[in-house]
Amino acid sequence: MSAPPAIAVTRLNHAFGVGEAERQVLFDVALEIPRGALVVLMGASGSGKTTLLTLLGCLREVQQGSVRVLGTELNDASEQVMVALRRRFGFIFQAHNLHESLTALQNVRMGLDVHGPAPGADDAAAHVLRLLGLGERLDYKPRRLSGGQKQRVAVARALVGNPEVVFADEPTAALDKESGFEVVALLRRLAKQRGTTTLMVTHDTRILDLADRIIVMEDGRVKEGG
Amino acid sequence: MTAALTQILAHLLGRLPIGWLQLIHKPGRFAAAVAGVAFANLLVLMQLGFLGALTGSIALPYRALEADILIQSSDANTLQDGSPLPRARMLEALAVPGVASATTVHVGRLDWRQPNGSNVNLDVLGINPGMPSLRLPEVEAARPLLAVGSFALVDRTTRGLDPVLRARLEAGGTQRFEANGHGVTVTGTFSIGGGFGADGYLVVSDQTFLRLFRNRSPGAPNLVLLRATPGEDIAALVGRIHAALPTGDVMVRSVMEAAAADTTFQTTRRPVGIIFGFGVAIGVLVGGIIVYQVLSTDVADHIREYATFKAMGYGRGTFLSIVLEEAMILALAGVVPGALAAAALYAGISAITGLPLALEAPRLASVFVGTVLLCLLSGTVATRRLARADPAELF
Ligand SMILES: Nc1ncnc2c1ncn2[C@@H]1O[C@H](COP(=O)(O)OP(=O)(O)O)[C@@H](O)[C@H]1O
Ligand SMILES: [Mg+2]
C-alpha cells in the first residue's frame with residue numbers, strides 16, 4: 001500500500017505511576033492500520049487495550065516510542081496539536097457520555113460545532129440521527145431514551161463531523177446483542193461509505209466477521225495482527 | 001418560553017447555549033440560585049437605600065438654611081451636636097466685606113408629648129423672626145406671628161406625628177402644648193424631612209427657644225448663618241472670614257462643605273453609617289458565595305460531560321464561556337426580582353418611617369453592574385475545577 005497509513009506505531013512503551021508504584025502496561029507495541037480499515041482490538045481485560053486507544057486518540061501523552069496518527073507524530077506533540085487532531089477523530093465510549101441537559105439533536109450538534117459555527121448544523125445533525133433510526137427522537141433528552149438509542153446518539157455525535165478516524169471502546173458493552181450488532185454494522189457501513197478508519201475494542205465475537213483485521217493483545221503486547 | 005429563549009441565546013452566543021440548557025435542566029436548583037442572587041441584590045439595595053436615606057436626610061436641613069456660609073463651634077460634627085458659640089462671631093463676620101447679612105440659630109432637642117399620648121423627639125430651631133433664616137415658605141410667612149408670642153411650626157413629615165393632629169394643623173387649626181414648664185402653640189407646618197437623629201423639626205423664635213431651654217443664653221447660639229453679597233466668590237469669602245475671626249473656637253465653611261463633612265462624619269464615624277456599609281459588604285459576600293457555590297457545583301456535576309467535550313476537541317475557552325454564560329444568566333435573572341422586591345420595601349419603609357428612600361437609576365445601575373461583575377468573577381473562579389476533567393479517564 002503506497003498511501004501513508006492512518007496509524008503507525010513502533011516501539012511504544014507506556015507505564016502508570018512513578019517510582020516504586022511504576023507499572024508498565026504496554027511493551028514494545030507496534031502496529032499499522034491503513035486508511036479506511038475497520039480494525040477490531042481484542043484481548044483480556046487489563047491487557048492494555050484502553051491505554052493504547054487513549055494514546056492513539058491524543059487523550060494521553062506518549063511516553064516512549066513513536067505514534068504517528070494521520071501523519072502527525074504524537075510523541076512530544078504540543079497540546080494544541082493534540083486538540084486539533086482530536087477534532088479529526090470521533091470517539092465512542094463504553095458509556096454513552098451524552099450531556100443530560102441537551103437533546104439528542106443538540107448532543108449531536110456538539111460533534112459538529114467543534115469545527116466552528118455552520119449554518120446547516122441542525123439539519124446535518126438531524127440527518128445523521130435519521131440515518132441511525134432516531135428521526136422521531138430528535139428533541140428527546142437522554143433520560144427519555146433507551147440504552148440502545150443513547151448509544152446510537154453517541155455514534156451519531158462521533159460521526160457527524162465526518163471524522164477521519166473513529167475510536168470506539170467496547171461501544172456495544174452496554175447494549176443487548178441485537179442492537180450491539182446493529183450499531184457496529186452501521187459503523188462499518190458508514191466507514192466504507194466515507195473511507196473512515198475505525199479502531200474498535202470489543203469482546204463481541206459476532207462482530208469479528210465485520211472486521212477487516214483483528215489485533216489481539218496480551219499482557220501489554222500485541223500478540224497477533226499488528 | 002424556554003425554547004424561544006434558547007433560540008435567542010443561541011443567536012447571541014453563536015453556539016448552543018449550553019450553560020442556559022444546563023441551568024434549566026435543573027429548574028429547582030436554578031430557581032434557588034436566582035432567589036439567592038435576588039436576595040443578595042435586595043440586601044445590598046436595602047443597605048444602600050438606608051445609606052442613601054441617611055446621607056439624603058443629613059443634607060435636608062442644610063438645604064433648608066437661608067445661607068451661603070455657616071459658622072459653627074469647632075467641635076461640631078453635625079448641625080445639632082456643637083457647643084454654643086459667642087454671638088460676637090456674627091458681628092465680626094458681618095464686618096468682613098462681602099458679607100451681606102447674618103443671623104443666628106439656636107438648636108436644641110425636645111421631647112413632645114402629643115395629644116394622642118405618644119412622644120416625638122424634635123430638633124428645635126430657634127430663629128430670629130426678624131431675619132430670613134430658612135428657605136421654607138411656610139416659615140417665612142409665619143415670621144411675623146413667631147415674633148409676637150410663643151408660637152411654633154412643626155415638620156409635617158415628623159416620624160410618629162399624631163395623624164389627627166397633623167390633619168388639624170394642615171386644616172388651619174392649632175395645638176397648644178407644654179414643655180419644660182412653658183406653653184407653646186403650634187400654628188402650622190412645614191417640611192424639611194425626617195432623618196436618623198430626631199423624629200422631626202420644630203421651628204420657634206429665639207425668644208421662645210430661650211423659654212423652652214432655660215439654660216441657654218441669647219449670646220450663645222449654635223449656628224451663625226451668613227449671606228454673601230450677590231456674585232461673591234464663596235470660597236474666597238470663607239477664607240477672609242476665617243482670617244478675620246479669632247482662631248480656635250469656631251469653624252467657617254460654606255453650607256455645602258458643612259453638609260458634606262457632616263455626611264462623611266455620619267456615614268464613616270457613627271455606628272449607623274458603619275452598619276449600613278457593613279451590610280453592603282455582607283450582601284456582596286453572600287451574593288458572591290451563592291453564585292460561586294452554584295457554579296462550582298454545576299461544574300463538578302458536569303465534569304464528565306466537559307471531559308467528553310475535551311475529548312471531542314473543545315478547548316478551555318469553551319468551558320469558561322459556558323460557565324460565564326451561566327453567571328450572566330444568574331446575574332440577569334436575579335437582578336430583576338431583587339430590584340422589584342427592593343422597590344416594594346423602599347415604598348413601605350418610606351411610608352412608615354418618612355425616610356427619603358428612593359430606588360434611583362444610578363444606584364440600580366451600579367448594583368446591576370456589580371452583580372454582573374461579581375457573577376463573572378465567581379464563574380471564573382469556579383472554572384478552576386475544570387482541570388479535573390480528564391478525557392483519558394472516560395474510556
Ligand atoms: N489511569 C491508570 N492509572 C494506573 N493504572 C492504570 C490506569 N489505567 C489503566 N491502568 C492499568 O493498566 C493496565 C491496562 O489497563 P487497560 O488499558 O484499561 O486495559 P484493558 O482496556 O485492556 O482492560 C491495567 O492493569 C490497569 O489496571
Ligand atoms: Mg478497557
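Scoring rules and cut-offs
- Residues numbered from 1 in each chain as written.
- Chains lettered and ligands numbered in written order.
- Predicted model: local features only at pLDDT ≥ 70, side-chain atom pairs only at ≥ 80, totals over all residues.
- Heavy atoms only, no water.
- Helix = DSSP H or I, 4+ residues; strand = E, 2+ residues; numbered from the N terminus.
- Rg over C-alpha atoms; globule rule 2.2 N^0.38 Å.
- Buried < 20%, exposed > 50% of the residue type's maximum accessible area, 1.4 Å probe, protein only.
- Contact = heavy atoms within 4.5 Å.
- Areas by Shrake-Rupley, 256 points an atom, 1.4 Å probe, with all protein chains shown as cover.
- Buried area = accessible area lost by both parts, 1.4 Å probe.
- Salt bridge = Lys/Arg side-chain N within 4 Å of Asp/Glu carboxyl O.
- Polar contact = N/O pair within 3.5 Å; in protein donor to acceptor, adjacent residues only side chain to side chain.
- Axes fitted to C-alpha atoms, helices over the stretch in contact; angles between N-to-C directions.
- Parallel < 35°, antiparallel > 145°, perpendicular 65-115°, else oblique.
- Nonpolar A, V, L, I, M, F, W, Y, C, P; charged D, E, K, R; others polar.
- Pairing = 2+ DSSP bridges.

**Student:** What's the story with the overall build of chain B in this structure? I'm lost.
**Tutor:** Tallying secondary structure elements over chain B gives 13 helices and nine strands in all. Taking 395 residues into account, the globule formula puts the C-alpha radius of gyration at 21 Å, and chain B, at 29 Å, lies well above it. Counting over 395 residues, chain B shows a buried share of 53%. Long-range contacts, defined as pairs at least 24 residues apart, comprise 76% of the intrachain contacts of chain B with a sequence gap of at least 6. Per element, the accessible surface of chain B, about 16600 Å² overall, is 64% carbon and sulfur.

**Student:** So what exactly am I meant to see when it comes to the interface of chain B and chain A here?
**Tutor:** Bring the parts together and some accessible area is lost; that lost area is often taken as the interface size. The interface of chain B with chain A comprises 24 residues on the first partner and 29 residues on the second. For the pair chain B and chain A, the summed buried surface comes to about 2500 Å²; carbon and sulfur atoms form 62% of the total. Taken as a group, L16, H25 and F395 of chain B account for 31% of the area that chain B buries against chain A, more than any other trio of residues on that side. Counting the contacts that link chain B with chain A gives one salt bridge. Measuring nitrogen to oxygen at the nearest pair gives 3.5 Å for the salt bridge that ties E100 of chain A to K26 of chain B. On the surface where chain B and chain A come into contact, there are seven residue pairs in polar contact (both at pLDDT 80 or more). Counting only elements with at least two residues in the side of chain B that touches chain A, the list comes to helix 2 (18-25) and helix 11 (303-312) of chain B. In terms of residues, the side of chain B that touches chain A owes the most to one element, helix 11 of chain B, which gives seven residues.

**Student:** I would appreciate a short explanation of the packing of helix 10 (residues 271-301) of chain B against helix 11 of chain B in the present structure.
**Tutor:** Each pair of packed helices can be described by the angle between their axes along with the distance between the axes. Residues and elements named next belong to chain B. The geometry of helix 10 relative to helix 11 is characterised by a closest axis approach of 5 Å and an angle of 60 degrees between their N-to-C directions. Overall, the two elements helix 10 and helix 11 adopt an arrangement that is oblique. For the pair helix 10 and helix 11, the contacting residues are D298, V299, A300 and D301 in the first and I303, E305 and Y306 in the second. Residues belonging to the contact of helix 10 with helix 11 are distributed by class as follows: four nonpolar, no polar and three charged.

**Student:** Explain the sheet that holds strand 5 (residues 72-73) of chain A to me, please; I cannot follow it from the model alone.
**Tutor:** Sheets are built from strands paired through backbone hydrogen bonds, the pairs being either parallel or antiparallel. All names here are of chain A. Within the open sheet, the four strands sit side by side as 2-1-4-5. Their pairing is antiparallel. Strands at the two margins of the open sheet, each flanked by one partner only, are strand 2 (23-33) and strand 5. In terms of strand pairing, strand 1 (residues 7-16) meets strand 4 (residues 64-69) through five bridges, oriented antiparallel. Among the inter-strand pairings, T10 is bridged to a residue of strand 4, identified as S66. Relative to strand 1, helix 1 (residues 49-56) is tilted by about 120 degrees, and along the sheet it contacts strand 1, strand 2 and strand 4.

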